[in-house]
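Observations on chain architecture
As a plain string of letters, each chain reads:
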Amino acid sequence: MSYTVTKLTDYSPSALQAAADECVRVCQVEAAAASTDADLKAFRDYWLARKNGVLTQINELWLKGAPKEAKREAGIRVNELKAQIQEIVDGAGAVSTTSVSFASESVDITLPGIRRALGAEHPIIRTSNEIVAVFQKLGYSVADGPVVETDYYNFEALNFPPNHPARDTQDTLFIAGQQSKAQRERLLLRTHTSPVQIRTMEKMKPPLRIVIPGQVHRNDPPDASHSPMFHQIEGLAVDTDITFGDLKGTLDHAMKALFGSNVKTHFRPSFFPFTEPSAELYVTCFICGGSGKRGSDPCRPCKQTGWIEVLGCGMVDPNVFEFVKDNGYDPTRVSGFAFGMGVDRLALLKYGVDDIQLFFQGDVRFLQQFG
């Protein structure tokens, strides 16, 4: 590179013009000489480098070194010069790229293209889609909501009042710096997809039937059966005269659609703050057929009981409807049921995987088995 920036002593318009013309001339000559990628890179760095490029030196020596009365004229001329140099450098790049591409490569356009390998659904996404499809056939719509939620939607509106002991079982991950806000406005990573139930009831009047897939987060240390991030699918049905019998019939049909028509269902009483009465749904083990044994060996997934717990459910607590009462959910007129299941756990059982961490480690050797 042959151009050297010198400090100006004459800042008259003619002197500035002459200095700029000489700079442009040299830049054009060097642009024409840059014929390879290496030459082009060196040329660009020499003229445009932020630390010691030619334009940086011109700004320091010509503009900042100009006397006060000449700064305006020098500034105008330097800005025009920068634009010219930038255009020359960009043009050299376009010419170089084109010439190198077509001069050094020969392409036979009659050859077949390289077929891109197609991916496959992740086993958790596949399991989630299968579950959602079952409820869509029953007339349920798919709903979605934010992963970063407020305390109000994640707890309060779901009948978790402040200081409720059930809050402690959720192992919540709170967003930092929320101490100055009121408790119901504090942000957190949702611990279940139930907040979408409240958000949907605020927007839509009954009757309502929705299924809600999505990611949730809890402060669980990762191990073979736990992860701080996992997936849930919840469902909500609200109408007049909905009973626990409707809940049992819906879930019995869904389990048979998912695991086979021979599967039996069993409900055991449980407790959830947002449903009353509440239950846990068990299905006969679809691995051992409910026998508790796999040949002469015990069946580990069902712990030899012949039953596997798959979800929690119950009738929506009237206290939950009170938060959306003004939108048509008067608890004296409507009723509903809700249910929720962990997709990751069902995927573990379905595919016989013994470590939930394998789903999230991105090991292609593991994921290729599900392609």
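Treat the numbers as computed from the prediction; the structure is a model and nothing was measured.

Right, let's get into the pattern of salt bridges. Side chains bearing opposite charge may pair, as long as their charged atoms lie close to each other. By the definition in use, this model includes 11 salt bridges. The shortest N-O distance in the salt bridge between D45 and K41 comes to 2.9 Å. With D45 and K41 both in helix α2 (residues 37-48) and 4 residues apart, the pair spans about one turn of that helix. We note a salt bridge from R77 to E80, for which the minimum N-O separation is 2.5 Å. Of this pair, R77 and E80 both sit in helix α4 (residues 71-104), 3 residues apart, roughly one helical turn.

Right, let's talk about the sheet that holds strand β8 (residues 275-284) for a bit. Read from one edge of the open sheet, 7 strands run β1-β5-β6-β12-β11-β8-β7, paired in mixed fashion. Since the sheet does not close on itself, it has two edges, and those belong to β1 (141-142) and β7 (265-272), each with one partner.

All right, on to the pairing of strand β6 (residues 229-239) then. Extensive coverage of β6 is indicated by the burial of 9 of its 11 residues. As defined by bridge partners, strand β5 (residues 208-217) adjoins β6 across 10 bridges and the pair is classed as antiparallel. Of the residues in β6, the one forming a bridge with V216 is F230. Taken together, the 8 bridges between β6 and strand β12 (residues 335-342) define a ladder with antiparallel strand orientation.

Conventions and cut-offs
- Residues numbered from 1 in each chain as written.
- Predicted model: local features only at pLDDT ≥ 70, side-chain atom pairs only at ≥ 80, totals over all residues.
- Heavy atoms only, no water.
- Salt bridge = Lys/Arg side-chain N within 4 Å of Asp/Glu carboxyl O.
- Helix = DSSP H or I, 4+ residues; strand = E, 2+ residues; numbered from the N terminus.
- Pairing = 2+ DSSP bridges.
- Buried < 20%, exposed > 50% of the residue type's maximum accessible area, 1.4 Å probe, protein only.

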